[in-house]
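The residues making up each chain are set out below.
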Amino acid sequence: MRKELLYLNWITKSYHDNIILKYVNLNVFENEIFAIVGRNAVGKSTLLKLIGGYIAPDKGTIYLHEKKISLKNHFDALALGIYSIHSSIEIIPEMSVFENVYLGLIENRNSGFLFNKKRAYQKIAHTAQHLMLPISLDKSGRFLTALEKYYVEILRAVLNRSSLLLIDEPFMTLNNTETNLLKKLLIKLKSQGLSIIFTSHKVIDLYELADRICILKSGKTSVIFENNYTYIDLQNKLIDLLSGCQSASKLPAEAKAGEEELRIESFCVPPYIQDLSFVLHQHEILGITGLNSLALNNLMDSLWGLTPHTKGKIFLKGKPILINNPRQALKNKIAYMSDVDSNYPQIIQNLSILNNLTLPFLERIFPHPIIHPRMENYLAVQNSQFIPFQKNQWKNKAQNLSYGMEKMLALARWFSMKHNILILNEPLKGLDLDSRSKIILHLRKLAANGTSIIMKSMDFDDVAECATRAIVIESGKIQGEVKGTNITTDKLLSLSLKNREEFYV
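Residues numbered from 1 in each chain as written. Predicted model: local features only at pLDDT ≥ 70, side-chain atom pairs only at ≥ 80, totals over all residues. Heavy atoms only, no water.

K.L.:
An account of the sheet that holds strand E5 (residues 67-69) is needed here, citing residue identities and associated values.
P.N.:
Backbone hydrogen bonds are what pair the strands of a sheet, in a parallel or an antiparallel way. Strand order in the open sheet formed by four strands is E2-E1-E4-E5, and the pairing between neighbours is antiparallel. The sheet is open, and its two borders are formed by strand E2 (18-29) and E5, each paired with just one other strand. When strand polarity is set aside, the average angle formed by the axes of neighbouring strands in this sheet is 25°. Where strand E1 (residues 4-15) lies against strand E4 (residues 59-64), five bridges are found, and the strand directions are antiparallel. (Pairing = 2+ DSSP bridges. Helix = DSSP H or I, 4+ residues; strand = E, 2+ residues; numbered from the N terminus. Axes fitted to C-alpha atoms, helices over the stretch in contact; angles between N-to-C directions.)

Here you go:
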């Protein structure tokens with residue numbers, strides 16, 4: 001018989017008049033990996049923050065090991081063995097891995113002059129060796145990969161003797177190879193007695209990891225079920241339970257590509273992109289992927305003039321153009337949505353949701369100094385399918401939006417105006433099944449109506465679902481190209497691993 005570790009009883013949480021969680025009931029067993037899924041802004045991250053002690057419930061009770069607990073802050077949760085890993089991991093870049101891990105250990109708080117560096121180093125090194133983590137304790141935090149940052153957090157969790165690990169969207173910033181390595185590590189942690197709660201929008205993550213799955217619906221626990229399904233059956237069950245979701249595989253076929261719209265010749269963006277050339281056609285969704293996220297982000301930013309390119313030419317409908325800044329790009333009717341986690345986020349937290357929607361187009365829709373609320377409200381109504389807020393919520397600041405809703409707001413902004421070329425950096429990352437289907441349908445509608453789309457994604461499944469043609473970039477060069485129904489996850493992975501023998505085990 002399984003032993004219960006955590007129990008939430010009638011948990012309710014609201015901000016002002018907005019109810020986020022309402023009468024949530026769920027339990028987590030010892031030695032279990034428990035997944036929480038649901039649409040964007042349904043309260044998944046809020047629920048994890050509540051269990052981790054970062055926020056307090058308005059109503060309800062939390063039980064740990066069958067004892068009622070009260071968490072005043074996340075240090076209380078940490079002392080009880082509850083460790084949280086947020087979707088955005090903070091590492092002190094000036095410190096080594098050892099120093100970053102050490103700072104996160106609760107037993108070392110206020111240690112002062114009693115600090116014994118040699119003993120602490122040996123203890124952390126022994127734990128890293130026990131978990132078989134391929135990371136140097138002397139490596140600077142500045143140079144850590146996304147996966148190595150998770151290694152730091154997991155070292156902290158294990159050394160803090162945690163019994164429950166909370167992870168919000170753990171695979172969102174990882175490529176396919178890193179994702180598989182982290183999954184193997186989480187399964188190992190489970191075998192060593194750790195229970196894990198994680199959130200994810202990807203069916204494959206739930207299928208490969210979760211023992212049980214909890215569906216959150218409108219802030220309530222809809223259903224909790226055992227994960228004993230095949231992949232296809234699980235996908236269909238999730239679509240049915242989340243309601244209104246359309247499977248991407250059932251979406252209509254893409255429009256055929258037309259004449260050349262954009263051509264990039266001998267593009268160079270140091271230090272990763274060297275002598276890169278490709279073409280974008282009308283009616284086309286061009287997927288760009290690979291294993292080096294930083295390189296592809298630099299390329300996307302450079303195409304819109306956010307970062308400089310040292311060499312190369314850009315042609316629009318066969319004519320050379322200059323794009324050294326976003327104004328020049330917009331003048332040529334080229335729009336760009338950067339990744340929410342990039343160095344150039346496009347959502348300004350202190351502005352309202354409505355102001356964020358209209359910000360890039362103020363001169364176009366409001367040529368005079370006066371901003372007309374009716375026009376802003378019209379744009380809000382036009383984009384309600386992507387960001388279905390109530391009328392009074394449009395004036396709320398964007399700082400309280402979930403990751404998924406930030407992404408939908410950024411997408412709706414560029415969908416609201418006509419562009420010849422739309423460049424999207426990770427448009428499907430962090431979106432629920434229903435939102436993903438809406439976005440894919442809309443992208444195909446835009447492409448059919450003449451918009452040319454570049455879609456960069458580190459997720460091969462996203463590229464395979466959405467793109468009409470895909471190119472794989474590794475070591476700054478195109479490794480291969482795939483078209484139409486030949487765009488599969490396996491094919492993209494094979495091209496990405498080409499000339500990279502170190503990825504074969």
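What follows picks up the thread again.
K.L.:
Which residues make up the side chain of arginine 263, and what values go with them?
P.N.:
You can see arginine 263 is positioned in strand E11 (residues 260-269). Reaching out from arginine 263, the side chain makes a polar contact with the side chain of glutamate 260 at a distance of 2.6 Å. Here glutamate 265 takes part through its side chain, which lies 2.9 Å from a polar atom of the side chain of arginine 263. Once residues lying within four places of it in the same chain are set aside, the contact partners of arginine 263 are Phe278, Val279, Lys313, Ile314, Phe315 and Gly318. (Polar contact = N/O pair within 3.5 Å; in protein donor to acceptor, adjacent residues only side chain to side chain. Contact = heavy atoms within 4.5 Å.)

K.L.:
Give me the lowdown on the sheet that holds strand E12 (residues 273-281), citing residues and values where you can.
P.N.:
Spatial ordering of the open sheet is given by E12-E11-E14-E15, a layout of four strands whose pairing is antiparallel. In the strand order of this sheet, the two ends are held by E12 and strand E15 (319-321), each with one partner. Each strand axis lies, on average, 25° off the axis of its neighbour in the sheet, ignoring direction. Of the pairings in the sheet, the one linking E11 to E12 comprises six bridges and is antiparallel in character. From the neighbouring strand, glutamate 260 faces E12, where its bridge partner is histidine 281.

K.L.:
Tell me about the confidence of the model for the chain, and name the residues and values.
P.N.:
Summing up the model confidence of the chain, the mean pLDDT is 86 and the portion of residues at 70 or higher is 86%. In the predicted structure, residues 245-254 sits below a pLDDT of 50 and forms 21 contacts with residues beyond four places in sequence or in another chain. The low-confidence segment residues 500-505 (pLDDT under 50) makes six contacts with residues lying over four places distant or belonging to another chain. (pLDDT = per-residue confidence, 0-100.)

K.L.:
Can you tell me about unusual backbone geometry, naming the residues and giving the values?
P.N.:
In this structure, proline 271 follows proline 270 across a cis peptide bond, with omega equal to 0°. Along the chain, the position of proline 271 falls in the loop between E11 and E12. Of note in this structure, histidine 283 is not a glycine but carries a positive phi near 65°. Along the polypeptide, histidine 283 turns up in the loop between E12 and strand E13 (285-289). Residue classification places histidine 283 among the partly exposed positions, given a relative accessible area of 22%. Its identity is not glycine, yet serine 475 carries a phi of approximately 55°, on the positive side. Of note, serine 475 is situated in the loop between strand E19 (469-474) and strand E20 (477-483). (Buried < 20%, exposed > 50% of the residue type's maximum accessible area, 1.4 Å probe, protein only.)

K.L.:
Quick rundown of the pattern of salt bridges? Include the residues and the values.
P.N.:
By the definition in use, this model includes 22 salt bridges. When the shortest N-O distance is used, the salt bridge between aspartate 434 and lysine 438 registers 3.7 Å. You can see aspartate 434 and its partner lysine 438 sitting in helix H15 (residues 433-448), four residues apart, about one turn around the helix. Since its relative accessible area comes to 30%, lysine 438 is described here as partly exposed. Of the charged contacts, one joins lysine 483 and glutamate 481 as a salt bridge, the two residues approaching to 4.0 Å between their closest N and O atoms. In this structure lysine 483 comes out as exposed when scored by relative accessible area, which is 52%. Relative accessible area serves as the criterion here: at 44%, glutamate 481 is assigned to the partly exposed category. (Salt bridge = Lys/Arg side-chain N within 4 Å of Asp/Glu carboxyl O.)

K.L.:
Give a description of the pairing of E20 that names residues and reports values.
P.N.:
Where E19 meets E20, six bridges bridge the pair, whose relative direction is antiparallel. Its bridge partner being in E20, valine 472 is matched across the sheet by glycine 480. Hairpin connection, E19 to E20: the antiparallel pair is bridged by two residues, and serine 475 has positive phi, about 55°.

K.L.:
Tell me about the environment of leucine 216, and please be specific about residues and values.
P.N.:
Structurally, the position occupied by leucine 216 is in strand E9 (residues 212-217). By relative accessible area, leucine 216 is classed as buried at 1%. In the structure, leucine 216 is positioned 192 residues away from valine 24 in sequence and 8.6 Å away in space, judged by C-alpha atoms. Sequence-distant contacts of leucine 216, that is, excluding residues within four places in its chain, are made with Leu21, Val24, Ile36, Val37, Gly38, Val42, Gly43, Lys44, Leu47 and Thr221.

K.L.:
I'd love a proper account of the packing of helix H14 (residues 403-415) against H15, names of residues and values included.
P.N.:
Taken N-terminus to C-terminus, the directions of H14 and H15 make an angle of 20°; their axes are 12 Å apart at the nearest point. Considered as vectors, H14 and H15 are oriented roughly parallel to each other. Once H14 is placed against H15, the crossing between them reads as left-handed. Counting all contacts with H14, which are made through Met408, Leu411 and Phe415, the residues of H15 involved are Ser435, Ile439, His442, Leu443 and Leu446. Of the residues contributing to the contact of H14 with H15, the split by class is six nonpolar, two polar and no charged. (Parallel < 35°, antiparallel > 145°, perpendicular 65-115°, else oblique. Left-handed = near helix turned anticlockwise from the far one by under 90°. Nonpolar A, V, L, I, M, F, W, Y, C, P; charged D, E, K, R; others polar.)

K.L.:
Which residues make up the packing of aromatic side chains, and what values do they have?
P.N.:
Enumeration over the complete set of coordinates arrives at nine aromatic pairs. Between phenylalanine 98 and tyrosine 121 the ring centres are 5.2 Å apart and the planes differ by 50°, which places this aromatic pair in the tilted class. With phenylalanine 98 in helix H3 (residues 97-103) and tyrosine 121 in helix H4 (residues 117-130), this pair connects stretches of sequence that are 23 residues apart. With a relative accessible area of 27%, tyrosine 121 lands in the partly exposed category. On the basis of an interplanar angle of 85° and a centroid distance of 5.9 Å, the ring pair of phenylalanine 225 and tyrosine 229 is categorised as edge-to-face. Pairwise contacts between aromatic rings join Phe98, Tyr102 and Tyr121 into one cluster. Sitting over the face of the ring of phenylalanine 171, lysine 183 holds its NZ or CZ atom 5.4 Å from the ring centroid. (Phe/Tyr/Trp six-rings, centres within 6.5 Å; stacked < 30°, edge-to-face > 60°. Lys NZ or Arg CZ within 6 Å of the ring centre and 35° of its normal.)

K.L.:
Could you give an account of the packing of helix H5 (residues 146-159) against helix H6 (residues 176-191), with specific residues and numbers?
P.N.:
Between H5 and H6, the least distance of the axes is 11 Å, while the angle of their chain directions is 10°. As judged from the angle between their axes, H5 and H6 are roughly parallel. Residues Leu147, Tyr150, Tyr151, Ile154 and Val158 of H5 lie in contact with H6, whose contacting residues are Glu178, Leu181, Leu182, Leu185, Leu186 and Leu189. Its residues assigned to classes, the contact of H5 with H6 shows 10 nonpolar, no polar and one charged.

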